[in-house]
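A look at the structure
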Amino acid sequence: MKRILTGVKPTGIAHLGNYFGAIKPAIELSKNKDYECYYFIADYHALTTVQNKEDLYEYTYHIACTWLACGLDPNHVVMYKQSDVPETFELSTILSNLTPKGLMNRAHAYKAKVEANEKIGEDKDFGVNMGLYCYPILMTADILLLDSDYVPVGIDQKQHIEIARDVASYFNKKYGDTFALPQELISENVGALVGLDGRKMSKSYGNTIPIFADETKLKKLVNKIVTDSTLPNEPKSLDNTIFKLYKLFGTEEQTQQFAQKLKTGISWGEAKSELFTLMNNYLSPMRERYNYLQSHRKVVDEILRNGAIKARNLAKQTMQRVRNAIGVVKI
Ligand code: TRP
């Protein structure tokens, strides 16, 4: 049985780009009986940017409730918080000694910061904390601690998995075979999802649709979708944001019918109204589950507590192996 692990940073409100790009595929993957899945909330990773107490607290519950509401089954997936597995931080300390500083200098997130600073004539490390700098080491610890075989991530995280593999090899070379070498799993059809303005849906563009926006808000957002100036009875090109979103939610048959309507002439207003109805039907049961969990956080706590126990069981075994390997005296 192969072990799959992935982490989610609690840094904001999940939107449809996150849902179709990461959450849904990871949940689908967890239904495969050949895999044993560990999905965790990387709360200490979020600390590089989220340094407000209420935000970290709320985003953490938000992520937990989101994944559960989207269909994560805690009987099949071990869901836990990174902060509940302190072995992570012990391993991170050990691994930092096997990680060349130059490797961290080349990590994309750090390099991008340095380049941005140089552009505006600032010191290259302006605004860079050690959490950001050592981020790839902590992530390596997450991955190696549970002997992960596969790590589903977005393409932006590929380099981090390569670093994890490099660090695991350095360790194995020096101390003997200790770690499995993890492999990234990049889902192929994760093309960028379009946002309200037709650009990639992204928090930084302010064009997102939150997964659990209430009905009124959802309707408002759908109405904000940017369309061209085609008149109501004129045929419309299928290269438009409304249709692109519709395709994600509709069955093949619904999508074909909608395409037909667009080609023969339907007003943008009507098209938006059809999209809203379809989306709302899809999202409202999930929204209800989400709201239920948010108002029953003890249920969520229990799931996270059970997850942490299972993750720690593995983590303790790994740490015993690691401590033995490096020559830590056992008392
Ligand atoms: N860095 C990942 C992200 O920003 C989150 C993460 C932390 C992660 N630890 C991980 C992902 C371990 C996969 C495995 O999305």
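Residues numbered from 1 in each chain as written. Predicted model: local features only at pLDDT ≥ 70, side-chain atom pairs only at ≥ 80, totals over all residues. Heavy atoms only, no water.

Description of the overall build of the protein chain
Using the following cut-off: Only DSSP runs of H or I covering at least 4 residues are called helices, and only runs of E covering at least 2 are called strands; the numbering of each starts at the N terminus. Residue exposure (1.4 Å probe, protein chains only): buried if accessible area is under 20% of the type maximum, exposed if over 50%, otherwise partly exposed. Contact between two residues is taken to exist if any of their heavy atoms lie within 4.5 Å; hydrogens are not considered. Methods summary: accessible areas were calculated by the Shrake-Rupley approach with a probe of 1.4 Å, and residue burial reflects only the protein chains presented. Charge convention: Lys and Arg are scored as positive, Asp and Glu as negative, and His as well as the terminal groups of each chain are ignored. Here the site of a charge means atom NZ of a Lys, CZ of an Arg, CG of an Asp or CD of a Glu.
Of the regular secondary structure elements, the protein chain holds 14 helices and 5 strands. Here the C-alpha coordinates of the protein chain stretch approximately 80 × 50 × 35 Å along the principal axes. For the protein chain, the residues scored as buried account for 46% of the 331 residues in total. Pairs at least 24 residues apart make up 77% of the contacts formed inside the protein chain by residues separated by at least 6 positions. Within the structure as shown, the protein chain displays about 17,300 Å² of accessible surface, and the carbon and sulfur contribution to it stands at 51%. For the protein chain, the centre of its 42 positive side-chain charges and the centre of its 38 negative side-chain charges are spaced 2 Å apart.

As for the layout of surface pockets
One way to see where empty space is left: roll a probe the size of a water molecule over the atoms. Filter applied, for reference: In the cavity and pocket records, a cavity denotes points on a 1 Å grid over the protein atoms alone where a 1.4 Å probe fits but cannot get out, a pocket denotes an open set with protein on both sides within 12 Å along at least 5 of 7 lines, and lining residues are residues with an atom within 4 Å of a point. Grid points are joined across faces, edges and corners, and a volume is the space filled by probe spheres set on the points. Under this grouping Gly is polar, as are all residues other than the nonpolar Ala, Val, Leu, Ile, Met, Phe, Trp, Tyr, Cys and Pro and the charged Asp, Glu, Lys and Arg.
What the second largest pocket holds in volume is close to 160 Å³. Considering the residues around the second largest pocket, the lining is formed by Asp-43, Tyr-44, Leu-56, Tyr-57, Thr-60, Tyr-61, Lys-81, Ser-83 and Leu-304. Elements that contribute at least two residues to the lining of the second largest pocket include exactly α2 (43–46) and α3 (53–69). Ranked by the residues each element gives to the lining of the second largest pocket, the list is headed by α3, at 4 residues. When the residues that make up the lining of the second largest pocket are grouped by side-chain class, the tally is 5 nonpolar, 2 polar and 2 charged.

Structural notes on the packing of aromatic side chains
Aromatic rings considered in pairs are described by the distance between their centres and by the relative angle of their planes. Just so we agree on the cut-off: Aromatic rings from Phe, Tyr and Trp, with only the six-membered ring used for Trp, were paired whenever their centres fell within 6.5 Å, and each pair was classed as stacked if the ring planes differed by under 30 degrees, edge-to-face if by over 60, and tilted otherwise.
One pass over the structure, following the stated rule, counts 15 aromatic pairs. Where Phe-171 meets Phe-179, the ring centres are 4.9 Å apart and the plane angle is 65°; that geometry is what we call edge-to-face. Here the two residues Phe-171 and Phe-179 agree in accessibility, since each one is buried. Centroid distance Tyr-246 to Phe-258: 3.9 Å. Interplanar angle 10°. Geometry classified as stacked. Linking Tyr-246 in helix α11 (residues 241–249) with Phe-258 in helix α12 (residues 252–264), this pair joins segments that are 12 residues apart in sequence. The class of Tyr-246 is buried, set by a relative accessible area of 7%. Among the residues examined, Phe-258 registers a relative accessible area of 1% and is labelled buried.

Here we look at the domain arrangement of the protein chain
The condition is simple: Domain segmentation is taken from an automatic or database assignment of domains. Buried area is calculated as the accessible area (1.4 Å probe) missing from two parts once they are joined, with the contributions of both summed. The salt bridge definition used is simple: a Lys or Arg side-chain nitrogen within 4 Å of an Asp or Glu carboxyl oxygen. For the purposes of these results, a polar contact is taken to be a pair of N or O atoms within 3.5 Å, where, inside protein, one atom must be able to donate a hydrogen and its partner to accept one; residues adjacent in sequence count only when each atom of the pair is a side-chain atom.
If you check the domain split of the protein chain, you get domain 1 (2–192 + 296–326) and domain 2 (212–291). The distance between the C-alpha centroids of domain 1 and domain 2 comes to 35 Å. Taken together, the 11 residues of domain 1 in the interface contact 9 residues of domain 2. When residues of domain 1 are sorted by the area they lose upon contact with domain 2, Leu-16, Phe-20 and Ala-69 head the list and together hold 55% of the total. Remark: the boundary between domain 1 and domain 2 carries 0 salt bridges. For the pair domain 1 and domain 2, the interface holds 3 residue pairs in polar contact (both at pLDDT 80 or more). Listed by contribution, the elements that provide at least two residues to the side of domain 1 that touches domain 2 are α1 (16–30) and α3. In terms of residue count, the dominant contributor to the side of domain 1 that touches domain 2 is α3 (5 residues). A class-by-class count of the residues in the side of domain 1 that touches domain 2 yields 7 nonpolar, 3 polar and 1 charged.

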